[in-house]
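# Topology and contacts: notes
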Amino acid sequence: MTTAQLGGHAAFVRMLHERGLLDDTWRRVWNAVPREPFIPTRAWRQDPDGCTLLTSPADRLALIHADEPVVIQLDDGAEDGPGVATSSNSQPSMVARSLGLLQLKDGARVLEIGTASGHVAALLSERLGDTNVFSVEIDPSLAGHAGAALHAAGHWPHLRCGDGEAGWSDGAPFDAILATCALRRIPAEYLDQVRPGGVIVAPLAREFWSGALVRLTVRDNGTAVGAFHGGASYMPMRSHRVGEGTSVDSRTARCRPTLLGASGVLHLGFALWGGTRLPGVRLWHSQGPAGVQVGAQHGDGSPATAVAGDVWEYGPRDLWSEIEAAHRDYVDLGSPGAEQFGITVRPEAEYLWLHRPDNVHAPVREWRSAYRPGRPCTPVAPTGVHRTMSTTSPARASVCRLSPSALYVHGLSAP
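Residues numbered from 1 in each chain as written. Predicted model: local features only at pLDDT ≥ 70, side-chain atom pairs only at ≥ 80, totals over all residues. Heavy atoms only, no water.

### Thoughts on the overall build of the chain
Here is the rule we go by: Secondary structure is summarised from DSSP: a helix means a run of H or I of at least four residues, a strand means a run of E of at least two, and numbering begins at the N terminus for each. The cut-offs for exposure are 20% and 50% of the maximum accessible area for each residue type, with area from a 1.4 Å probe on protein chains only; residues under the lower value are buried, those over the upper are exposed, and the others partly exposed. What makes two residues a contact is simply this: any of their non-hydrogen atoms within 4.5 Å. Calculation of accessible area relied on Shrake-Rupley with a 1.4 Å probe; when residues are assessed, cover is drawn exclusively from the protein chains displayed.
Looking only at helices and strands, the chain features ten helices and 21 strands. Counting over 415 residues, the chain shows a buried share of 55%. The contacts in the chain between residues at least 6 apart in sequence include a share of 62% that link residues at least 24 apart. On the chain, roughly 17,200 Å² of surface is accessible, and the fraction owed to carbon and sulfur atoms is 52%.

As C-alpha cells, this is what we get:
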C-alpha cells in the first residue's frame, strides 16, 4: 500500500509535522526544499523481491510524495549487475528523525557522510547556510548528480568525492556529523573532527543486528557517548561492507523443536544484547511459505534456521542453543527496549551499555556449547536455506532482497 499524500509536497511536509517529526523551523526548511528535483531520471521502487524501474510519471511522482525510499542506483552503477540497490533517497520520516536528533543551532557546521541524491545536503544548506555544510560522496556518478541538483536548486555547500570513512579533516572542527550510510563502527576520525560537546548521528550495523540509530555526544577526552533511538537500517558504507559467509555441508543437519521464534529474536533490544553475547554471529530473517524464518550463521560454518516451531542446526556448534541461552539471559534482565541501551566509543573500541554508561556489557569473546544432537531429520534445509549455504554480504542484501543482511529494510524506520 502506498503512503503517497494527496496534495503533493506541501501535504507530505504537513504530515511529517503532524507526526511530530518536524518542528516549525524544519517544516519551513522542508517546504522550501522539495524532494522531486533531486531524484535522477532513472529511479526504482524497492519491492520485497527486487527493484522496479519507475517508468510511469504518475508512479514516480506518487513514490516521491510517499514516506518511502526511492532507489537511485543499482550495483554501484554497473550496467550488468544483479540489480541490487546501492544508493537511495531515504525514507523521509527517517531523514526527519535523524535531522531532528542533530539538535542544530543557527550557524552550526555539519558534515554529511554520503551525499547520494543531494537532498539532505540541500535541507542542511537551507537550514544552516551553504558555507556551514560539508558533504562527501564516494561514488563519482552520484557525486556529480548531487552537485548538479544542488546547484540547480540554488545551494552551493562544500562537496567532495571521496571515502567518507576519513571524514573531512581540513573542514574540521564540526558541530555535528550525520552519516546516511550504515557504519560497522564509528571511525576514529569522527571523534577527532567533532568539537567537544558536538554530536554524531549515525545508523550502526553489526553482524547480529542490521541497523540502529545512535546519537553520540563527543566529550573532552576524545570519547563519544550516547543512546540508541530505534531501528534504522541503511546500505553499508562501502569500506564497511562484509564479505561472503562460509559454505556449510548440509549433511550435518539436525533438527529439534524450539520455543524461540521470530517474535522473540527479531526485537532490536534483544539484538543489541545478543550481539554482545554472540560475537561474529550474523542474524537475518525472511518470509517463507511456513511463515517468518530466522537464520543465523557464524564464520566457523555453524548456521541455524528456525521456522514454525522447529530449528535446523548445522556444523560444529549448536548455534540456536546459544541464541536461546542469550535470550533467556535477556529476559532475566527484564527484556529492556533498545532505547535503554547505548554505546561508548573510544578510539580503540566500542562498548555497549544498559541504562547508564558505567553499566557496560562487553562482548563475550568465547562461547562454549556442548554438542547436543536433535531429533533425526532429513538433511534438507527449509525454504531459503540451501544445501551449500553462504550468507549474503550487506552489499548485496540491502533494499531489494530478503537475505541475511537485514532485520529492517534500508531507509525505513523499524516497526
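### Quick word on the sheet that holds strand β14 (residues 281–288)
For clarity, the cut-off: Two strands qualify as a pair provided DSSP detects at least 2 bridges between them. Convention adopted: a line fitted to C-alpha atoms gives each axis, helices being fitted over their contacting stretch, and angles between N-to-C directions are expressed from 0 to 180 degrees.
With antiparallel pairing, five strands are arranged side by side in an open sheet as β13-β17-β16-β15-β14. Two strands in the sheet have a free side with no partner beyond their single neighbour: β13 (254–257) and β14. Each strand axis lies, on average, 20° off the axis of its neighbour in the sheet, ignoring direction. Two strands pair when backbone bridges link them, and β14 and strand β15 (residues 291–298) are joined in this way by eight bridges, in the antiparallel orientation. Its bridge partner lying in β15, H285 is registered against V294.

### Observations regarding the packing of aromatic side chains
Formally: Ring pairs are drawn from Phe, Tyr and Trp, using the six-membered ring of Trp, whenever the two centres fall within 6.5 Å, and their geometry is named by plane angle: stacked under 30 degrees, edge-to-face over 60, tilted for the rest.
Under the defined criterion, the tally for this structure stands at four aromatic pairs. Relative to W168, the ring of F134 has its centre 5.2 Å away and its plane inclined at 85°; by these criteria the two rings are edge-to-face. Separated by 34 residues along the polypeptide, F134 in strand β6 (residues 133–137) and W168 in the loop between β7 (158–161) and β8 (174–179) bring together distant segments of the chain. For the pair F134 and W168, a shared accessibility class is recorded, and that class is buried. Here F134 and F174 contribute two aromatic rings whose centre-to-centre distance is 5.2 Å and whose plane-to-plane angle is 75°, an arrangement assigned as edge-to-face.

### Looking at helix α2 (residues 24–32)
Each full turn of the α-helix corresponds to 3.6 residues, which orients residues three or four apart in the same direction. As a reminder of what qualifies: The directions considered for the arc are those from the helix axis to the C-beta atoms. In protein, a polar contact requires one atom able to donate a hydrogen and another able to accept it; more generally it is a pair of N or O atoms within 3.5 Å, and residues adjacent in sequence count only if both atoms are side-chain atoms.
If you check which residues of α2 are buried, you get W26, V29 and W30. One side of α2 holds all its buried residues, which, seen down the axis, span an arc of 95°. Elements in contact with the buried residues of α2: α1 (8–18), α4 (92–102) and α5 (119–128). Capping the start of α2 is the job of one residue whose side-chain oxygen sits 3.1 Å from the backbone nitrogen of T25: D23.

### A short note on the packing of α1 against α2
In plain terms, the rule: In what follows, roughly perpendicular refers to angles from 65 to 115 degrees, roughly parallel to angles under 35, roughly antiparallel to angles over 145, and oblique to any angle outside these ranges. Left-handed describes a crossing whose near helix is turned anticlockwise from the far helix through less than a right angle; right-handed describes the clockwise counterpart. Here the nonpolar group is Ala, Val, Leu, Ile, Met, Phe, Trp, Tyr, Cys and Pro; Asp, Glu, Lys and Arg are the charged ones; every other residue, Gly included, is treated as polar.
Orientation of α1 relative to α2, taken along the N-to-C sense of each, is 160°, at an axis distance of 10 Å. Comparing their axes, α2 and α1 come out roughly antiparallel. Classified by chirality, the crossing of α2 by α1 is right-handed. Touching H9, A10, V13, R14, L16 and H17 of α1 are D24, R27, W30 and N31, all from α2. A class-by-class count of the residues in the contact of α1 with α2 yields four nonpolar, three polar and three charged.

### Remarks on the confidence of the model for the chain
For clarity, the cut-off: By definition, pLDDT measures how confident the predictor is in each residue, and it falls between 0 and 100.
Scored by pLDDT, the chain comes out at a mean of 84, with 83% of its residues at no less than 70. Note that pLDDT drops below 50 for residues 363–415; the model gives that stretch 173 contacts with residues more than four away or on any other chain.

### What about the environment of W284?
Position of W284 relative to the elements: it lies in strand β14. For W284 and T305, which are 21 residues apart along the polypeptide, the C-alpha to C-alpha distance reads 9.6 Å.

### Concerning the sheet that holds β8
Taken in spatial order, the ten strands of this open sheet run β7-β6-β5-β8-β9-β10-β11-β18-β19-β20, and their pairing is mixed. Because the sheet does not close on itself, it has two edges, and the strands there are β7 and β20 (360–361). Note: strand β9 (residues 194–204) against strand β10 (residues 212–218), six bridges, orientation antiparallel. Following the sheet pairing, P203 is matched in β10 by L213.

### Digging into empty space enclosed by the protein
Applied cut-off: Of the grid points, spaced at 1 Å and generated over the protein atoms alone, those admitting a 1.4 Å probe that cannot get out make up cavities, while open sets with protein on both sides within 12 Å along at least five of seven lines make up pockets; any residue with an atom within 4 Å of a point is treated as lining. Grid points are joined across faces, edges and corners, and a volume is the space filled by probe spheres set on the points.
All told, the structure shown has five cavities of 30 Å³ or more when counted by the stated rule. By volume, the largest cavity is sized at about 490 Å³. Lining the largest cavity we find 37 residues, and of these G114, A116, E137, T180 and C181 sit closest to its centre. Secondary structure elements with two or more residues in the lining of the largest cavity: β4 (85–89), α4, β5 (110–113), α5, β6 and β8. Considering every element that reaches the lining of the largest cavity, the biggest residue donor is β4, with four residues.

### Re helix α10 (residues 319–332)
For the record, the criterion: In this analysis, the expected span of each helix is defined as 1.5 Å times one less than the number of residues it contains.
With 14 residues, α10 extends 20 Å between its outermost C-alpha atoms, agreeing within 8% with the 20 Å of an ideal straight helix rising 1.5 Å per residue. For α10, a buried count of ten out of 14 residues is recorded, marking the element as mostly surrounded by other parts of the structure. Buried residues of α10: L319, W320, S321, E322, I323, E324, A325, A326, H327 and Y330, and no others.

### Looking at the packing of α2 against α5
Two numbers describe how α2 lies on α5: the axes approach to 9 Å, and their chain directions differ by 125°. The orientation of α2 relative to α5 falls into the category oblique. When the axes of α2 and α5 are compared, the crossing they make is right-handed. Across the interface between the two elements, T25, W26, R28, V29, W30 and A32 of α2 pack against H119, L123, L124, E126 and R127 of α5.

### Some remarks on the pattern of salt bridges
To keep it simple, the criterion reads: The term salt bridge refers to a pairing of a side-chain nitrogen on Lys or Arg with a carboxyl oxygen on Asp or Glu at a separation within 4 Å.
Within this structure, the stated rule accounts for 16 salt bridges. Among the ionic pairs, R127 bridges to D106, the shortest N-O distance being 2.7 Å. Here R127, found in helix α5, pairs with D106, found in the loop between α4 and β5; they are 21 residues apart in sequence, far enough to count as distant. What makes R127 buried here is its relative accessible area of 13%. It is possible to trace a salt-bridge network through shared partners that takes in R256, E313 and E324.

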